Amino acid sequence: MNVFKKTILTVLASLFFIIGNVSAEKIKIGTEGAYPPWNSKDASGNLIGFEVELAQELCKIMKYECTIVEQDWDGMIPALVMRKFDAIMAGMSITAERQKTITFSQGYADEVASLAVMKGSSLEGMDTPEGINLSLGGSDVKKALKTLTGALAGKTVCTQTGTIHQNFLESGDVGSVNVRTYKTQDEVNLDLTSGRCDVALAAAVAFTDYADKSGKPVVLVGPTFSGGAFGNGVGVGIRQASDSAIGKRDAKILKDFNKAINKARKQGIISKLAIKHFGFDASM
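What you see is a predicted model, and the numbers here were worked out from it, not measured in a lab.

*Asks:* So what's going on with the pattern of salt bridges? Which residues, and what values?
*Replies:* Counted under the stated rule, the structure contains twelve salt bridges. Measuring nitrogen to oxygen at the nearest pair gives 3.2 Å for the salt bridge that ties Lys-183 to Asp-72. Placement of Lys-183 in the loop between β10 (178-182) and α6 (185-194) and of Asp-72 in the loop between β4 (65-70) and α3 (76-81) is noted, with a sequence separation of 111 residues between them. We classify Asp-72 as partly exposed; its relative accessible area is 39%. Across the pair Asp-86 and Arg-249 runs a salt bridge, and its minimum N-O distance is 3.1 Å. Taken together, the residues Asp-86 in the loop between α3 and β5 (87-88) and Arg-249 in helix α8 (residues 245-266) connect sequence positions 163 residues apart. The buried category is assigned to Asp-86, whose relative accessible area is 11%.

Right under this line is the structure:
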C-alpha cells in the first residue's frame, strides 16, 4: 500500500510540474551583448553582464520562462515592435522620444554619461561641476555647457549611433560638434585609443570598464551627465499596450516586470548586481 501511495504521489508531483511549466509565461528578452558591463559576451560567446543576470533574477521572481537573445543596437526597437522578442534589457535609457514608440518599466539602474579622453589630453582638468542634471537647469549647468562648448570646438567626438549620447551631441547644447558615430561601443573605444577620436561620450561605466580590462589610459573628463536628453534611468522596454489580446499580454508583461523590479530592489538584488558589475550601487 505504501508503495502504491508513493507511486501516486510521484505521478501527481510530475503532473503538477508539467502543468506549472505549461502555464508559465514564455518570453524573449533582447539585449545587445556589446555594451559592457551592462551586457556583453564571454570568450565562448555566452551573453553575460549586469542586465543578463538581472533579467534572470526578474524572470525567477515573475516565474517566467525567459530566453535572452542578441540584437544589434540600431535595430533594437524595430525588432521589439516587430515581435522578434517581448522586452528589451540593453542599457536603454527611458526618454520621451523613445516613449513615442514603446513603453518602459520603472527604472532599475541609473546610467550617468561622461566624456572620456586618453591620458595627457588637453581636455583634462576642465573646470566644471562633478555632475550636471540637464532637467534641473540653473546657472551651474549653463556655465558647464558653455565651458564644454569651448572645449569641444574643433574636436572630433565619437559615440555609438542611435544613443542618447548622440542625441545630446547633436542637440546644440554644446554648440556645433564634429560627431563621428559607430555601430558598437567597442568600436568607439578602439578609435579613441588609436587617436581617431579626440574625445568620446558614453555611459561612464562603459569607459571605466574598458580601461580596467584593457589597461589603456582612458580617463573621464568634465561632468557626468543626467536628465534632459540623457533620460530618466534605464528600464525594460516593452511594446505599447492595446485592446487586442496580444496588446493585453504586453500590458501584463509590463505590469509583471514592474512588480518584479520592486521586489528585486527591496531584496537588494539590483544593488548587489550593480556593485558586482559597476563597482558602485547604480540601482534606482
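*Asks:* An account of the nonpolar core is requested, with residue identities and associated values reported.
*Replies:* Counting 46 residues, the largest nonpolar core has Trp-38, Phe-50, Leu-58, Met-89, Tyr-108 and Phe-257 as its most contacted members. Of all the elements in the fold, those that place two or more residues in this core are β1 (26-31), α2 (50-62), β7 (113-118), α6, β11 (199-203), α7 (204-214), α8 and α9 (269-278). Apart from residues lying up to four places away in sequence, Met-89 is in contact with Ile-29, Gly-30, Thr-31, Asn-39, Glu-51, Leu-54, Ala-55, Leu-58, Tyr-108, Val-236 and Phe-257. Core analysis: the second largest hydrophobic core is formed by 25 residues, Leu-115, Val-117, Ile-164 and Val-174 among them.

Conventions used here
Residues numbered from 1 in each chain as written. Predicted model: local features only at pLDDT ≥ 70, side-chain atom pairs only at ≥ 80, totals over all residues. Heavy atoms only, no water. Salt bridge = Lys/Arg side-chain N within 4 Å of Asp/Glu carboxyl O. Helix = DSSP H or I, 4+ residues; strand = E, 2+ residues; numbered from the N terminus. Buried < 20%, exposed > 50% of the residue type's maximum accessible area, 1.4 Å probe, protein only. Core = buried A, V, L, I, M, F, W, Y, C linked by side-chain atoms within 4.5 Å. Contact = heavy atoms within 4.5 Å.

All we've got here are geometric facts, nothing functional implied.
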